[in-house]
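Coordinates in review
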Amino acid sequence: MNSRKRVAILISGRGSNMEALIAAAAGDDYPAEIVGVIANTPKARGLESARMRGIPTRMVPQRDYPDRAAHDEAIGAVLEELGAEMVCLAGYMRLLTPAFVERWAGRMINIHPSLLPAFPGLDTHSRALAAGVRVHGATVHFVTEAMDDGPIVAQAAVPVLAGDTADALAARVLKAEHRLYAQALAMVARGEARVEGGRTVFSATSDWGAEDALYSPAPDAPVSLETLDLERLARFTP
Ligand code: GRF
């Protein structure tokens, strides 16, 4: 019996989070399988790497459709054809129509490179540096109509270090994203995190703890992530 959730990933670019989810789903115990990757633009380099990993891919270019609603309908048809039960947005750079969001309510998650509700939108890393925050990170949340909004599933924090550039900070956050997204998808796929009344509720069996959110990768994390140096971090944490 296959009880793994059938997950499709929507991308617009490089696809490193997509790769992390594909890698996690290759594990026997992982509660989700990646049944397809869909891109909205030929610029989505990730589509090729998904194909190379044996995942079904579809290109649904937005320029082929008269408006957002028609494009989202086409995406919806592909999701149906793939038999998707859940959708992961992974660097999908297009706002979705309310009808599409409604159809996938509670079954669609997104990753955003900041600790929401801080820094929704673009250029999160340079904005975090400009704001002078000492801790930055990433958020996985259920998708609602508002951009980078919606009930939070999980977050990972990384320190902002003296002398950081936006690129250095982005690289640190991205590593955390890869592990975070794999863990967050597992929680949702297992039903350990779900939306009720506009908020995420977590089951008692959820193994997501503060240690997961704060820097330290679990030893059995499905996606390998450079282990962060906790002693060094402690020196930067007030
Ligand atoms: C990630 O930083 C993600 O949080 C944001 O877009 C970026 C996509 O990167 N939504 P990748 O395509 O997954 O490498």
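Notes on the structure in this doc start here. By convention here, each chain's residues receive numbers from 1 onward along its written sequence. Where totals are concerned, whole chains, interfaces and linings use all residues; where local detail is concerned, this predicted model gives features only for residues with pLDDT of at least 70, and gives and counts side-chain atom pairs only at 80 or more. The side-chain values count all of the structure's non-hydrogen atoms but skip hydrogen atoms and water molecules.

**Thoughts on the overall build of the chain**
Counted only if it meets this: Elements are defined by DSSP. Helices are runs of H or I of four residues or more, strands are runs of E of two residues or more, and each kind is numbered from the N terminus. For the exposure calls, accessible area comes from a 1.4 Å probe over protein chains only, and a residue counts as buried if that area is under 20% of its type's maximum, exposed if over 50%, partly exposed in between. Working rule for contacts: check all heavy atoms of both residues, and any pair within 4.5 Å makes them a contact. Method for areas: the Shrake-Rupley scheme with a 1.4 Å probe, in which residue coverage is limited to the protein chains shown.
Broken down by element type, the chain carries eight helices and nine strands. Residue burial in the chain is summarised as follows: out of 238 residues, 51% are buried. In the chain, the proportion of contacts linking residues at least 24 apart, taken out of those at least 6 apart, comes to 62%. When the accessible surface of the chain is summed, it comes to about 11600 Å², and 52% of that surface belongs to carbon and sulfur atoms.

**Brief notes about the pairing of strand β1 (residues 5–11)**
The cut-off we apply is this: For two strands to be treated as a pair, DSSP must find no fewer than two bridges joining them. Crossover handedness is defined by viewing with both strands directed away from the observer: a clockwise path from the first strand over the helix to the second marks the crossover as right-handed.
The buried fraction of β1 amounts to five of the seven residues, a majority that puts the element mostly inside the structure. Sheet topology places β1 next to strand β2 (residues 32–39); seven bridges connect them, and they run parallel. Within β2, the position partnered with V7 by the bridge is I34. Regarding the hand of the β-α-β motif, the stretch spanning β1, helix α1 (residues 16–25) and β2 is right-handed. As judged from the four bridges shared by β1 and strand β4 (residues 86–89), these two strands associate in the parallel manner. Among the inter-strand pairings, L10 is bridged to a residue of β4, identified as L89.

**Some details on the side chain of H178**
The line we're drawing: Polar contacts, as used here, are pairs of N or O atoms within 3.5 Å; protein pairs need one atom able to donate a hydrogen and one able to accept it. Residues neighboring in sequence count only if both atoms are side-chain atoms.
Within the secondary structure, H178 is located in helix α6 (residues 166–189). Side-chain polar atoms of H178 contact the side chain of S16, separated by 2.8 Å.

**Re the site of the ligand**
Using the following cut-off: Only heavy atoms are used to decide nearness, and a residue is near a molecule or strand if one of them lies within 4 Å of it. Only Asp, Glu, Lys and Arg are considered charged, only Ala, Val, Leu, Ile, Met, Phe, Trp, Tyr, Cys and Pro nonpolar, and every remaining residue, Gly among them, polar.
The local shell around the ligand consists of R14, G15, S16, N17, G91, I111, H112, P113 and E177. One nitrogen or oxygen atom from the side chain of S16 is found 2.5 Å from an oxygen atom belonging to the ligand. Between the ligand and the protein, one listed contact pairs an oxygen atom with a backbone N or O atom of N17 at 2.8 Å. Protein contacts shield 85% of the accessible area of the ligand, which totals 360 Å² for the unbound molecule. If you list the elements that add at least two residues to the shell around the ligand, you get α1 and β5 (108–112). Class assignment of the residues belonging to the shell around the ligand gives a composition of two nonpolar, five polar and two charged.

**What about the nonpolar core?**
The cut-off we apply is this: As used here, the term nonpolar core means buried Ala, Val, Leu, Ile, Met, Phe, Trp, Tyr and Cys residues forming a set that is joined through side-chain atoms within 4.5 Å.
I9, I11, I34, V37, I109, V153 and L185 are the most contacted members of the largest nonpolar core, which has 45 residues in total. In contact with I34, not counting residues within four places along its chain, are V7, I9, L21, I22, A25 and I55. Counting residues in each nonpolar core, the second largest holds 20 residues, with I38, I75, A84 and L89 among its members.

**Considering helix α5 (residues 124–131)**
Stated formally: What the arc measures is the spread of directions leading from the helix axis to the C-beta atoms.
Here α5 has its buried residues at T124, H125 and A128. Looking straight down α5, one finds that the buried residues subtend no more than 100 degrees of arc, so they occupy a single side. Packing partners of the buried residues in α5 comprise β5, β6 (135–142) and α6. Looking at the residues trailing α5, positive phi occurs at G132, about 80 degrees.

**A few points about the sheet that holds β6**
Stated precisely, the cut-off is as follows: Throughout, an axis means a line fitted to C-alpha atoms (over the contacting stretch in the case of helices), and angles, computed between N-to-C directions, take values from 0 to 180 degrees.
Spatially, seven strands are ordered β3-β2-β1-β4-β5-β6-β7 in an open sheet, and the strand pairing comes out mixed. The sheet is open, and its two borders are formed by β3 (57–59) and β7 (152–159), each paired with just one other strand. For this sheet, the mean angle separating the axes of adjacent strands, direction not counted, is 20 degrees. Judged from the seven bridges that link them, β6 and β7 form a sheet pairing that is antiparallel. Bridge pairing links V140 to A154 in β7.

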